[in-house]
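Single-letter residue listing:
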Amino acid sequence: MTSLGNLGSFSRLVAALSGWLDRVVIIGGWAHRLYRLHPYAQALDYAPLTTLDTDVAIPAELPAATEDIRQRLLDHGFTEEFLGDDRPPATHYRLGDEASGFYAEFLTPLVGSGYDRKSTRKATARIAGVTSQRLRHIDVLLIDPWVIEFDLTGVAEERKTVRIANPACFLAQKILIHSRRGGEKRAKDILYIHDTLEVFGAQLDELHAQWQSRIAPRLHRNHVQVVRKTPDRVFGEITDSIRDAAIIAAGRDLTPESVRDACQFGLQQLFG
């Protein structure tokens, strides 16, 4: 069963980004949903986790274009919602007043210090007209992305090539931010890890080969070590976060033990 949900809303975002699809990468919850469309994916009998937002990873620099991303979003019915006191302010690009609550946000790698020479926090940046939040480890998600062919729904009879985070990068990034997450977010991340490993359970050898040859060599060696040690460090015993992950998956007959075992084994095969 593959129920992706909000395909019409996501299609409008893809249409708005059509001039930049070869540079940006869909990450987060929507990448996880779109994994079900990849030829490597196994058919599963439960729907992927849902989220209201679409996270888009964007490089720090994009080539000049005749029209910026912000204007394209506005032309496709998105509105800007400003949050916080940073300059420029963090921005959600919300699809009108739709009851779905669908919105997009852009994320770009934070490199070096989190503050500039004036001790101002480097929280956001203006890139191709949109405000992008600067976050650690977004660079991992821009490495060796996969591509899928996506049929636009409710926009036009058209197919687009969309770049999504490589699953090995998706899992590595979840590991690298694990200690900074708390409560429900950490538990949901664990379930994302579990479910991604299930989607690509038959392809762990291929993912391991991609990790070894194309991803790990581009990461800092300390980050590679964190990723490699995580199966035992995070999943060596049952924790409250693992218990909460099983609760989030209510109705799927998952136990904390099965979540822990699957994550520990799968991550060992992938990153060991």
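Structure: above.
Described below are features of the structure shown in this document. (Residues numbered from 1 in each chain as written. Predicted model: local features only at pLDDT ≥ 70, side-chain atom pairs only at ≥ 80, totals over all residues. Heavy atoms only, no water.)

**Some details on helix α7 (residues 204-215)**
Listing the buried residues of α7 in full gives Leu-204, Leu-207, Gln-210, Trp-211 and Ile-215. Taken end-on, α7 shows its buried residues confined to a sector of 115 degrees, consistent with a single buried face. Each element contacted by the buried residues of α7 is listed here: β8 (146-151), α5 (167-176), α6 (183-199), α8 (221-235) and α10 (256-271). (Buried < 20%, exposed > 50% of the residue type's maximum accessible area, 1.4 Å probe, protein only. Helix = DSSP H or I, 4+ residues; strand = E, 2+ residues; numbered from the N terminus. Arc of directions from axis to C-beta. Contact = heavy atoms within 4.5 Å.)

**Points about the pairing of strand β5 (residues 103-109)**
The buried fraction of β5 amounts to seven of the seven residues, a majority that puts the element mostly inside the structure. Burial along β5 is two-sided: Tyr-103, Glu-105, Leu-107 and Pro-109 facing one way and Ala-104, Phe-106 and Thr-108 facing the other are all buried. Judged from the five bridges that link them, strand β2 (residues 53-57) and β5 form a sheet pairing that is parallel. From the neighbouring strand, Val-56 faces β5, where its bridge partner is Phe-106. Bridge analysis of strand β4 (residues 90-95) against β5 gives two bridges, and the strand direction is antiparallel. Looking across to β5, one finds that Arg-94 is bridged to Tyr-103. (Pairing = 2+ DSSP bridges.)

**Quick notes on the packing of aromatic side chains**
Counted according to the given criterion, the structure contains nine aromatic pairs. Here Phe-10 and Trp-30 contribute two aromatic rings whose centre-to-centre distance is 4.3 Å and whose plane-to-plane angle is 10 degrees, an arrangement assigned as stacked. Here the residue Phe-10 occupies a position in helix α1 (residues 7-16), and Trp-30 occupies one in helix α2 (residues 28-34), the gap between them amounting to 20 residues. Across the pair, Trp-30 and Phe-10 agree in class, each one buried. When the centroid spacing of 5.7 Å and the interplanar angle of 80 degrees are considered together, the rings of Tyr-93 and Phe-106 count as edge-to-face. Pair noted here: Tyr-93 is in strand β4 and Phe-106 is in strand β5, with a separation of 13 residues, a long-range link. The class of Tyr-93 is buried, set by a relative accessible area of 1%. Residue Phe-106 is classed as buried on the basis of its relative accessible area, which comes to 0%. The rings of Tyr-35, Tyr-40, Trp-146, Phe-170, Tyr-192 and Phe-200 are connected pair by pair, giving a single aromatic cluster. Its guanidinium or amino end placed over the ring of Trp-30, Arg-33 lies 4.0 Å from that ring's centre, counting from NZ or CZ. Lying over the aromatic face of Tyr-46, Arg-252 brings its terminal NZ or CZ to 3.6 Å of the ring centre. (Phe/Tyr/Trp six-rings, centres within 6.5 Å; stacked < 30°, edge-to-face > 60°. Lys NZ or Arg CZ within 6 Å of the ring centre and 35° of its normal.)

**Some thoughts on the environment of Leu-95**
Mapped onto the fold, Leu-95 is located in strand β4. For Leu-95, a relative accessible area of 1% corresponds to the buried category. Excluding anything up to four places from it in sequence, Leu-95 contacts Ser-9, Arg-12, His-76, Gly-77, Phe-78 and Phe-102.

**Focus: the environment of Gly-183**
Inspection of the secondary structure assignment puts Gly-183 in helix α6. Look at Gly-183 and you get exposed, because its relative accessible area is 51%. As a C-alpha pair, Gly-183 and Tyr-115 span 68 residues in sequence and 27 Å in three-dimensional space.

**Some remarks on the pattern of salt bridges**
A side chain with one charge can pair with a side chain of the opposite charge if their charged atoms come near. Following the criterion strictly, the structure yields eleven salt bridges and no others. The salt bridge partner of Asp-189 is Lys-174, with a shortest N-O separation of 3.0 Å. Within this pair, whereas Asp-189 is found in helix α6, its partner Lys-174 is found in helix α5, the two being separated by 15 residues in sequence. Classification of Asp-189 as buried rests on a relative accessible area of 3%. Between Arg-260 and Asp-261 there is a salt bridge, and its shortest N-O distance comes to 2.7 Å. Among the residues examined, Arg-260 registers a relative accessible area of 18% and is labelled buried. Three or more residues are tied together by salt bridges with common partners; here these are Lys-174, Arg-181 and Asp-189. (Salt bridge = Lys/Arg side-chain N within 4 Å of Asp/Glu carboxyl O.)

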